[in-house]
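Understanding the architecture of this molecule
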Amino acid sequence: MKTRHFFIDRSSLISRFTALLLVILIISIISITTLWYIDEKNRIEKQFVLEQNHTEQIMHKSVRWIDAGIMLYDYSFEPALKNAMNIFLESYESSNRDVRKMNISQLQQTFNASFGGTWDLYIINADGIVEKTTFPQDIGLDFSKYPTFFKTLSRIRENNEYVVDRTVKGFAKDAPSRKFAYQGTPDGRYILEISRNFQKFIPHESEISYAELLNSLPQLHIDIKSVELYNNKGEMVSEWNDQGVPENISHDIQKNIISLLAKKENTYIDDDKNNTKYSYLYLPIYDTTHPSSPMMNLEARVVYSTERIKKEIVETTLIYIIILFITLLAAFVIVWKTFIFFSYPVKNLISDINQITKGDLDHHIRKSNIQELEQIELSINSLVITLKDKILTLRKQEEQLQEELKNRQKAEEHIRDLLTEVQEKERQVQESEKRYRSVVETQKEFICRFSPDGTHLFVNDAYCRFFGKNPDEILGSLFTPDIPKEEKGDVARHFASLTPEHPMHLNEHHIILPDGSVRFVQWIDQAIFSKEGIITEYQSVGRDLTELKRLEKSLHASDALYRMTVNAMEDGVFVTNRDHTIIICNEWRKGRETGLHTITNNPVGKNLFEILIHMTEKDHQDYELVFSEGKMIVSEDIIEKENPVFIETRKIPIISDEPVSTVVTIIRDITAQKEAEIALTQLNQNLEQVVEQRTADLKASLDEMDAFAYSVSHDLRAPVRAIDGFSHLLLMKTDGDSNEECKYLISRIREGVMTMDRLIQDLLRFSRTARQPLQVMSIDMSGLVKSVITELTSQPGMKDISVTIENLHPAKGDVGLIRQVWYNLISNSIKFTSEQQTPVITIGSYEKEKEIIYYIKDQGIGFDMQYADKVFEVFSRLDPTQDIEGTGVGLALVKRIILRHHGRIWVQSGEGRGTTFYFTLQGKDGTDR
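Residues numbered from 1 in each chain as written. Predicted model: local features only at pLDDT ≥ 70, side-chain atom pairs only at ≥ 80, totals over all residues. Heavy atoms only, no water.

**Things to note about the overall build of the chain**
A tally of regular secondary structure across the chain gives 20 helices and 27 strands. Residues classed as buried in the chain amount to 36% of the 929 residues present. The long-range share in the chain, meaning contacts at least 24 apart out of those at least 6 apart in sequence, stands at 57%. Carbon and sulfur atoms make up 55% of the accessible area of the chain, which amounts to about 57300 Å² in all. (Helix = DSSP H or I, 4+ residues; strand = E, 2+ residues; numbered from the N terminus. Buried < 20%, exposed > 50% of the residue type's maximum accessible area, 1.4 Å probe, protein only. Contact = heavy atoms within 4.5 Å. Areas by Shrake-Rupley, 256 points an atom, 1.4 Å probe, with all protein chains shown as cover.)

**Section: the pattern of salt bridges**
Tallied over the entire structure, the rule returns 26 salt bridges. Between E161 and R155 there is a salt bridge; the shortest N-O distance is 2.5 Å. Notably, a salt bridge pairs E158 with R157, separated by 3.8 Å at the nearest N-O pair. Residue classification places R157 among the buried residues on the basis of a relative accessible area of 12%. Several salt bridges converge on common partners, so that one network encompasses R519, D544, E547 and R550. (Salt bridge = Lys/Arg side-chain N within 4 Å of Asp/Glu carboxyl O.)

**Some thoughts on the sheet that holds strand β6 (residues 224–230)**
Spatial strand order, β7-β6-β10-β9-β8: five strands in an open sheet with antiparallel pairing. One side of each edge strand has no neighbouring strand; the edge strands of this open sheet are β7 (236–241) and β8 (267–271). Going from strand to strand, the sheet's axes swing by 10° on average, the running direction of each strand aside. (Pairing = 2+ DSSP bridges. Axes fitted to C-alpha atoms, helices over the stretch in contact; angles between N-to-C directions.)

**Brief notes about the side chain of T665**
The topology assignment puts T665 in strand β20 (residues 662–669). Here Y623 takes part through its side chain, which lies 2.6 Å from a polar atom of the side chain of T665. With sequence-adjacent residues up to four places away left out, T665 is seen in contact with G572, V573, F574, L608, M615, Y623, T649 and R650. (Polar contact = N/O pair within 3.5 Å; in protein donor to acceptor, adjacent residues only side chain to side chain.)

**Side note on the packing of aromatic side chains**
For the structure shown, the criterion picks out 27 aromatic pairs. Between the aromatic rings of F446 and F466, the centroid separation amounts to 4.4 Å while the plane-to-plane angle is 25°, which identifies the pairing as stacked. Residue F446 is located in strand β11 (residues 446–450), and its partner F466 is located in helix α9 (residues 461–467); the two are separated by 20 residues in the primary sequence. The residues F446 and F466 share a single accessibility class, namely buried. With a centroid separation of 5.5 Å and 25° between ring planes, the pair formed by F450 and Y538 is classed as stacked. With F450 in strand β11 and Y538 in strand β15 (residues 535–544), this pair connects stretches of sequence that are 88 residues apart. Here F450 falls in the buried class, since its relative accessible area comes to 13%. Here the basic side chain of K82 rests over the ring of Y162, its NZ or CZ set 4.0 Å away from the ring centre. When the ring centre of F135 is taken as origin, the NZ or CZ atom of R178, which lies over that ring, is 3.8 Å away. (Phe/Tyr/Trp six-rings, centres within 6.5 Å; stacked < 30°, edge-to-face > 60°. Lys NZ or Arg CZ within 6 Å of the ring centre and 35° of its normal.)

**Describing the side chain of E487**
Within the secondary structure layout, E487 lies in helix α11 (residues 485–496). Of the buried charged residues, E487 lacks a salt bridge, with R493 as the closest side chain of opposite charge at 10 Å. One polar contact links E487 to H510, side chain to side chain, over a distance of 2.7 Å. When sequence neighbours within four positions are dropped, the list of residues in contact with E487 reads H509 and H510. (Lys, Arg positive; Asp, Glu negative; His and termini not counted.)

**Quick word on the sheet that holds strand β27 (residues 915–920)**
Taken together, the five strands give an open sheet; going across it, the order is β22-β24-β25-β27-β26, and neighbouring strands pair in mixed fashion. Edge positions in the sheet fall to β22 (802–805) and β26 (904–909), since each has one partner strand and no second. On average, each strand axis in the sheet is inclined to that of its neighbour by 15°, with strand direction left out of account. Contacts from helix α19 (residues 815–831) reach β24 (840–847), β25 (852–858) and β27 within the one sheet, and its direction differs from that of β25 by about 25°. Sheet strands in contact with helix α20 (residues 890–900) are β26 and β27, and its direction is about 140° off that of β26.

**Overview of unusual backbone geometry**
One non-glycine residue, N96, adopts positive backbone phi at about 60°. Of note, H580 is a non-glycine position whose phi angle comes to about 65°, a positive value. Here H580 shows up in the loop between β16 (572–577) and β17 (582–585).

**A few points about the packing of α19 against α20**
One can describe the packing of α19 onto α20 by two numbers: an axis separation of 9 Å at closest approach and a directional angle of 145°. Once α19 is placed against α20, the crossing between them reads as left-handed. Note on element contacts: α20 touches α19 through G890, L891, L893, V894, I897 and I898, opposite L817, I818, Q820, V821, N824, L825 and N828. (Left-handed = near helix turned anticlockwise from the far one by under 90°.)

**Focus: the environment of I139**
Summarising the element assignment, I139 is placed in the loop between β2 (130–133) and α4 (147–159). When the C-alpha atoms of I139 and I123 are compared, they prove to be 9.9 Å apart, with 16 residues separating the residues in sequence. If we ignore the near neighbours within four places in the chain, the residues touching I139 are V130, E131, K132 and T133.

**Regarding the environment of L506**
Assignment of secondary structure puts L506 in strand β13 (residues 504–512). Remark: the alpha-carbon pair of L506 and Q526, spanning 20 residues in sequence, is separated by 9.0 Å. What L506 contacts, discounting residues up to four positions off in sequence, is H494, Q522, W523 and I524.

**Considerations on the state of the cysteines**
Counted by the stated rule, this structure contains zero disulfides. Considering cysteine sulfurs only, C464 is the nearest to C448, which forms no disulfide, with 9.8 Å between them. Take C448: its relative accessible area is 2%, and that puts it in the buried class. By relative accessible area, C464 is classed as buried at 3%. (Disulfide = S-S within 2.5 Å.)

**Some remarks on α20**
If you check which residues of α20 are buried, you get L891, A892, L893, V894, I897 and I898. Of the residues trailing α20, H902 is marked for its positive phi of about 60°.

**Here's the deal with the pairing of β11**
Counted residue by residue, β11 has four buried out of five residues, so it is predominantly covered. Sheet topology places β11 next to β15; five bridges connect them, and they run antiparallel. Pairing of C448 across the sheet is with S540, part of β15. Between the end of β11 and the start of strand β12 (residues 456–459), which pair antiparallel, lie five residues, with G454 showing a positive phi angle near 95°.

**Considering the nonpolar core**
By size, the foremost hydrophobic cluster in this structure holds 35 residues, and its most contacted members are M781, W822, I826 and I843. Within the residue set of this core, elements represented by two or more residues are α18 (781–793), α19, β24, β25, α20, β26 and β27. Considering each element in turn, this core owes the most residues, seven residues, to α19. Other than its neighbours up to four places away in sequence, I826 contacts V785, V788, I789, L792, I841, I843 and I856. Core analysis: the second largest hydrophobic core is formed by 27 residues, F48, V63, V302 and I309 among them. (Core = buried A, V, L, I, M, F, W, Y, C linked by side-chain atoms within 4.5 Å.)

**Details of the confidence of the model for the chain**
Looking at the chain, the pLDDT average stands at 79 and 81% of residues meet or exceed 70. Low confidence marks residues 924–929, where pLDDT is under 50. Its contacts with residues over four positions away, or in another chain, come to 17 contacts. (pLDDT = per-residue confidence, 0-100.)

**Here's the deal with a nonpolar patch on the surface**
Judged by side-chain polarity, V314, L318, I321, I322, F325, I326, L329 and V333 come together as a nonpolar surface patch covering roughly 770 Å² of accessible area. Within the secondary structure, I321 is located in helix α7 (residues 307–357). (Patch = residues over 30% accessible without salt bridge, like charges linked within 9 Å, V, L, I, M, F, W, Y side chains within 5 Å.)

**Here we look at α19**
Its 17 residues place the ends of α19 24 Å apart at the C-alpha level, agreeing with the 24 Å of an ideal helix rising 1.5 Å per residue. Inspection of α19 places L817, I818, V821, W822, N824, L825, I826, S827, N828, S829 and I830 among the buried residues, and these make up the whole buried set. Between the side-chain oxygen of the N-cap and the backbone nitrogen of G816 there are 3.1 Å, and the N-cap of α19 in question is D814. (Expected span 1.5 Å × (residues − 1).)

Structure (structure tokens):
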């Protein structure tokens, strides 16, 4: 056979088509495999992040649930703290509020003996420093270094509050866990603090909960290397790591933990060098009401290994490269085969023709007269015959190959099915074994298997934790729990009663643990028998029912107390279901006495409408509405009898996660209340008439008084002026040294006349203030005060004054009247300053409780505050010497102006300590009238 040589001619159509097909295949293969690689890599990384987020969410929720349990345990100590604080406060009062006389050591002994446990007492002064305590390490402890906590202590001291705190670790080194209570003293000088001390406060169950939480996290995220929980002091609460050996935490980690707790945020650090990712999680609790609640927050440090996902990414990359190489190689082969397939017939035909033209006699060339034609004819005929033979041969071979290919495909499919079935069964076995181990190892129940002689063959973690042992101490040894003597016989009879017909039985008994505590445990024991009926081993599953038994006892007591409380109520209480069948009710003696409750010995189980015969169809509709919408309905009805009875009915749904199925009906007799309301309505009607009449009388009297004061003031001015004029003429006619006494007397007469004139003018001004209408407009208080000061200081003989004007809010009111207020107040501050001093006056305003308060403060002589109300009375003067000029009307005029503006005015003063006047105009800007 001759060897055929093929070559690619770049100018041929087949060669160009082959090149184009090769480019398209290469681009498609690279695109598809690259997209698959990117998608697979993103899936691996996203799966890691999803598992991480899920794990951290579980930690957040679990820490809050565990803290809620600790807080419930914490509440049980508060009654004793309250009683102890009352005794502490009584001791403070009995020592005449002198802490030096208090014997707190004796009080400590009293608390230890009366309330049990260990107690400490503290006395904290207003500066936040511990002055006295039974805990020596805390002497001189300065709480002002903790601004937030010191602010809370100051509020307790100033408001005389009693506050109970959460149980926290003490501030001093080696201090025990303490539950504090704080009480501000009535005089606001000290804070009395007591603490109930615990060497170990967190219950054992809560510590187990933290450990179980950390132990369960690796099942949620298999890449977790270690998990650590820290408190606010950087102390480790619990930890787990894949090595099972406790780690020593460095000072830098503790410092970082405390810093992150203060920031209240999560931090993530990637350490690619060590294939590690660190997550620092801030775990807040629900409770924010106690002073030390922020100290209960935790910080978790979770260390993840990124080695697995990096390994998966590397494996994916290798798979990608291999697939890409194989597919590209296959593409080259396919294209080459395609090229050969299309070019072979043409090249074979050309080769045969060339061979015939060259005179190759092997092609059965027949001789002819025309040698060239005969050669072509013979060559073509020979070629056709050869091709037909080859086609028939190829078809038969193709059919054989297709049949063989089908058989091979069926065999491969069968093999693949067998392999898939085997792999599925192996996977199911592995998953079953994994589930079994996961269920057994993580169960809270105590699971063990032991032989008849007591040798333990298997124990789970819960069993070992319960007895305080390691698995190595129990497995393969004759371990027998310590059972009380009086119960050992029952346990022996229990195991003897297990037979092949009844191999399983329930048993309950007490167990004495190594620490001496006694627990009540329930066991489900199963004996495993051989074919000969001989016991080969026992399998036991137990659980601790101690707390459940205590809870049952507590529930029985609570139920009895609840029923006594409900029966003691004067109101009728009925709990019914959707069929209006009574489930719970009280005796309701008052309902029986008034005939609202049909007499029956036991209403439970009966229909509510049969018992309460006064109910109507409307009540049926109300109940349907309560059941459908879950809203409370309150209605009032009148029962017509010899004496009408008013009743109030409350239909209250008991709401849970499911639709409302139970309703509480409370029926109250409100007859006395309705009768009181009717009487009160009649009284109010009569009172309104009386008030209107007296208001009219008062208004008329005030008008008459104002008119009288105005007329009297005008009538008095005429004779006063006459006296002043005649005394002036008399003084002019008196001359010479012999008449000095007469001049002095006449001068005194004129001074009295001038004082009388000023008094009349003030009376006129006082009367005019009450009668003239207010001209309300915007007032620039700062500019108004400055103009008044300028007017006062420009008067002849005025001494030097120092005035400081601080922030003055604008207002609205009558400018003339408000100017009179400032004029009188500023002149008062100047007058009542000692002659040897320069008047120092401060004027300003501030906002408090949505109200603008204006003030003027001086450093004058001041007065006793017992006379504070008299300074605003007409003709009232507190200067006994009468050396300071004035009529006693100025401050009364000020008060009347402020009252007309619907404001208020008051004063604070002290003898020799100056005086401060305060006043307001109703509303922020004087517009709220």
